[in-house]
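Here are the chains, one letter per residue:
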Amino acid sequence: MSSRENILNVVKASQPDYAPLPHMDYPANKNTGEVNLQEKFAASLTAIGGKAEIVSTMQDARDYIQKLDKGKRSVTTVPMLNDLLEPISSGLTPAQSLQDVDYAVIEAGIAVAENGAVWVTEEGLGIRVLPFICQHLIAIIRVENIVPDMHQAYEMIGGRQYGFATFIAGPSKTADIEQSLVLGAHGPRSMTVLIIMA
Amino acid sequence: MKVGLFIPCYVDQFYPGAAIATMQLLEKLGVEVVYPKNQTCCGQPMANSGFEHLTGGCNSLFITNFSEFDYIVAPSGSCVLHIREHLHDDANPQLASEVASKVYELTSFLVDVLKVKDLSARFPHRVGMHQSCHGQRGLHLSQMSELVAPEFSKPGYLLNMVKDIELIPLSRVDECCGFGGTFCVAEEAVSVKMGKDRVADHLQHGAEYITGVDMSCLMHMEGILHRQQSKVKVIHIAEILNGQAEL
Amino acid sequence: MMMKTEAEHAELAQDFNKDEERVNWHDETLWWLRQKRDRIAHQIPEWEQLRETASTIKGNVLSNLSAYLTQFEEKAIANGVTVHWAADGAEHNNIVLEILKSHGVTRMVKSKSMLTEECHLNEFLEQQGLEVIDSDLGERIVQLAKEAPSHIVLPCIHKKKEEIGELFHQYLGTPEGNADPQFLTETARQHLREVFLTRKAALTGVNFAIAETGEFVVCTNEGNADMGAHLADVHIASMGIEKIIPERKHLGVFLRLLTRSATGQPITTYSSHFMKPNPGKEMHIVIVDNGRSVQLGRADFRNSLKCIRCGACMNTCPVYRRSGGHSYHTAIAGPIGSILAPNLDMKEYADLPFASTLCGSCSNVCPVKIDIHTQLYKWRQMIVQNGYTTTTKKTGMKIMNTVLSSPGAYRLGGKAGRAVLKYAPFMVNNKLNPWYKQRDMPNPPKESFGEWYSKNKGEGKDKA
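Residues numbered from 1 in each chain as written. Chains lettered and ligands numbered in written order. Predicted model: local features only at pLDDT ≥ 70, side-chain atom pairs only at ≥ 80, totals over all residues.

Enquirer: Got a sec to walk through the overall build of chain C? Specific residues and values, please.
Expert: Helix and strand counts for chain C come out as 21 helices and 10 strands. Taken over the C-alpha atoms alone, chain C extends approximately 90 × 55 × 45 Å along its principal axes. With 464 residues in all, chain C has 58% of them scored as buried. Contacts spanning at least 24 positions in sequence make up 72% of the contacts within chain C whose residues lie at least 6 apart. (Helix = DSSP H or I, 4+ residues; strand = E, 2+ residues; numbered from the N terminus. Buried ≥ 20, exposed ≤ 12 C-beta atoms within 10 Å, placed from the backbone. Contact = placed C-beta atoms within 7 Å.)

Enquirer: Tell me about the packing of helix α3 (residues 44–51) of chain B against helix α19 (residues 391–404) of chain C, and please be specific about residues and values.
Expert: As a packed pair, α3(B) and α19(C) sit with axes 10 Å apart at the nearest point and diverge in direction by 155 degrees. Classified by the interaxial angle, the pair formed by α3(B) and α19(C) is roughly antiparallel. α3(B) and α19(C) meet at a crossing whose hand is left-handed. Packed against α3(B), whose contacting residues are P45(B), M46(B), S49(B) and F51(B), the element α19(C) presents M397(C), M400(C) and N401(C) at the interface. (Axes fitted to C-alpha atoms, helices over the stretch in contact; angles between N-to-C directions. Parallel < 35°, antiparallel > 145°, perpendicular 65-115°, else oblique. Left-handed = near helix turned anticlockwise from the far one by under 90°.)

Enquirer: Describe in detail the domain arrangement of chain C, supporting the description with residues and values.
Expert: Structurally, chain C comprises domain 1 (44–290) and domain 2 (404–456). On a C-alpha basis, the centres of domain 1 of chain C and domain 2 of chain C stand 55 Å from each other. (Domains from an automatic or database assignment.)

Enquirer: Before we move on, could you go through the sheet that holds strand β3 (residues 131–134) of chain C and cite the residues and values that matter?
Expert: The strands that make up a sheet pair up through hydrogen bonds in the backbone, lying either parallel or antiparallel. Residues and elements named next belong to chain C. Strand order across the open sheet formed by six strands is β1-β10-β7-β4-β2-β3, with parallel pairing between neighbours. The open sheet is flanked by β1 (82–86) and β3, the only strands paired with a single partner. Neighbouring strand axes in the sheet, compared pairwise and without regard to direction, differ in orientation by 25 degrees on average. Across five bridges, the pairing between β1 and strand β10 (residues 282–288) is parallel. Of the residues in β10, the one forming a bridge with T82 is H284. In the packing of helix α5 (residues 89–102) onto the sheet, contacts are made with β1, β2 (107–110), β4 (201–204), β7 (234–240) and β10, and the angle to β10 comes to roughly 170 degrees. Lying over the sheet, helix α11 (residues 224–231) contacts β2, β4 and β7, oriented at roughly 145 degrees with respect to β4. (Pairing = 2+ DSSP bridges.)

Enquirer: Describe the sheet that holds strand β1 (residues 51–55) of chain A, with residues and values.
Expert: Residue and element names in this part refer to chain A. Within the open sheet, the six strands sit side by side as β1-β12-β7-β4-β2-β3. Their pairing is parallel. Edge positions in the sheet fall to β1 and β3 (86–87), since each of these pairs with one other strand and no more. In this sheet, strand β7 (residues 136–142) lies alongside strand β4 (residues 103–107) in parallel orientation, the contact comprising five bridges. Residue E107 lies in a different strand from β7, and its bridge partner there is I140. Packed onto the sheet, helix α2 (residues 37–47) meets β1 and β12 (190–196) and runs at close to 155 degrees relative to β1.

Enquirer: Tell me what's going on with the interface of chain C and chain A, and back it up with residues and numbers.
Expert: A common way to report how large an interface is uses the accessible area buried once the components associate. If you look at the interface, chain C gives 66 residues, while chain A gives 59 residues. Grouping the amino acids of the side of chain C that touches chain A by side-chain chemistry returns 28 nonpolar, 25 polar and 13 charged. In this sheet, strand β9 (residues 270–274) of chain C lies alongside strand β9 (residues 164–168) of chain A in antiparallel orientation, the contact comprising five bridges. When the bridges of β9(C) are listed, F164(A) appears paired with F274(C). (Nonpolar A, V, L, I, M, F, W, Y, C, P; charged D, E, K, R; others polar.)

Take a look at the structure:
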């Protein structure tokens, strides 16, 4: 008998009587409009070492990006920015070739106000390693895609299929050395989210 | 209402003052109190050491001594918790369960059963309240700092009825003192370090007395205080509530 | 890097306590994490409801685990992932070795996986002539120090920055005496970046495995799991059978609880959902039992398998904070470790359930409401019943039982004890009495309460 069979047999024989799943009254925190979600998101992101900029339109976002000192190599997976930055497409191999990217600008599908996280899928990243290997990350989110909490986020994600997806909450960090917080562990040293109101 | 007085073995032998105060306090509140002379120990020291299977003798004695009373009251959280959770008798499980359900720690008896609203006690001193773990987390004598839940404290409620008492704040409101039964000698180094830290918290906040519902915790802290030649004293909450101004 | 020793917790803890200032530092650091956890938990009014929900979900998982495991495997395979099963640590290690050998890989980068600590994977691969580099900063530090991690979330919490600076000076060429966390982290960033860019195989742990979709989630603050996995050709993910959760939406519950409980952060920087291998690359999952199915069969202890490895129990445990993870001489230390380890080897870990005062704080902070302190008590009974206790203790307890079961013997014993303390204190106030080492004995009163009552009340009821 293979280990697989063995394990499954013992598990089946050992598991207790069926206990049902709980009734989940989530999302419990439906946004009643009382909470200003973009402000709550901005506060959460700032608290975890990220930066939030609320801009009126996509044009304002373009202006913001244009004005930035973006180092030697800046890339994007946002089609509307292809004239400003180097476009990245999924056909690019190998992933190691992105090691010298200074700024990467991506578009996020969802932003979560309770913790400052944004959700991106492989589709939006082009190359999976992009938001980790760059030195600085910028994510663009539309205000209507900001949800109060993780339950609402997963409701929006639904049963979508992807090869890879991730929640990114602020810049990479560690506190492994005597609990001193250092930003920029292995991933980006900074993370900015541009919230587009229009 | 007839109450059987259940006195922990180490209180009986080393801190009779706490037992006397418990009895006098209950009598002052109009309760008929009887002390069954043949009680010994609840069995917790053996059970917590992994020898619960040896506690049959203690269990039988307890049931024999206490089954006749309406309530059984003890000046101890941990002994009461042990009885509540572990008293059993294979020969008569129903009786054991009934007896266990009638056992109360002193402050919860005063608050939940007697519904005491005031006390004629005076204790003009700075007092630190030590939250003994079994009473707090086991019997829910007061809210636990880990939980996101409303605050309350039965011992605190009673202490606030005592005139001129000043309750001091603590940095860590409900950290364990480190007594833990046989832990106090089996893991002596950690036990003492925990006790020293608890004592230091009280001293830093200016306590003259440290009180609580469990004499075991207080005995452990007293041992440390005496070794440090500190003037700070321990006193069981029963003695404060009973109106002992000095010891 | 051997973790197992002959010494028991009490002895190791005593050693740890020789340096009181260091104990204070260790204790205060972990207590601060407990405070951060409290602060952020109080920002969520429905926190206790969340815990209850998470506990119930995990209860459902344990009751239906075989079905969920096969569902997970089916979905993962359909996603193009290769699924392996390992009965124990040795089999897990061999599976990993075979995958690496089949790709001609001799150097692997690893992100944090306590499961691989349990399996002693690094040691095994190194014995086979392979190189494994741990990419989590804390793990890299203990790897350089040739120690095991002392905490499941904060691997080098026991190390001072000066010690880390010294390690980096020795192995990574940093200037002697430099203990600046910013500088040291930047050094590690550069050193490990080179590792990420060149390794063809990466191994990660798994925080949650979703039966509904076959995907799994890996949570890090540093981004090291992603750097390793996305740059390698082969990604191996090791998971215990209990990492399963039923549906993707349940992640909402667990991701809200995990990091708040662990470090007081609202979420880890990265919560990466791996579903399919990168086109042209390989993804492997190794599902490991290693004693978990046995624990599942223990009615008193199976709830320990709900654990999501947050470490909150360690941060709150007054004993762990004052004895350090290494004094538990097992991969997973602290309260949760003390109820998991005896299942693996009751003899080796018989001391752990006794390294506790049963204060109950751990059970209160556990995001999945494991009744840790109750299980500690029950393991004590189990260990004694199975004979893993000393003759001295057994004899002592039998004597105690005899005395305490007899009112006469009890009264006599108590009187004798008080007399000794009064008239011959030197008999107990000496080095043979562990109580006396750092505490005074209580002052013997002139009479017990029982004696006082007889004298003053006289009508005590006689029943025996």
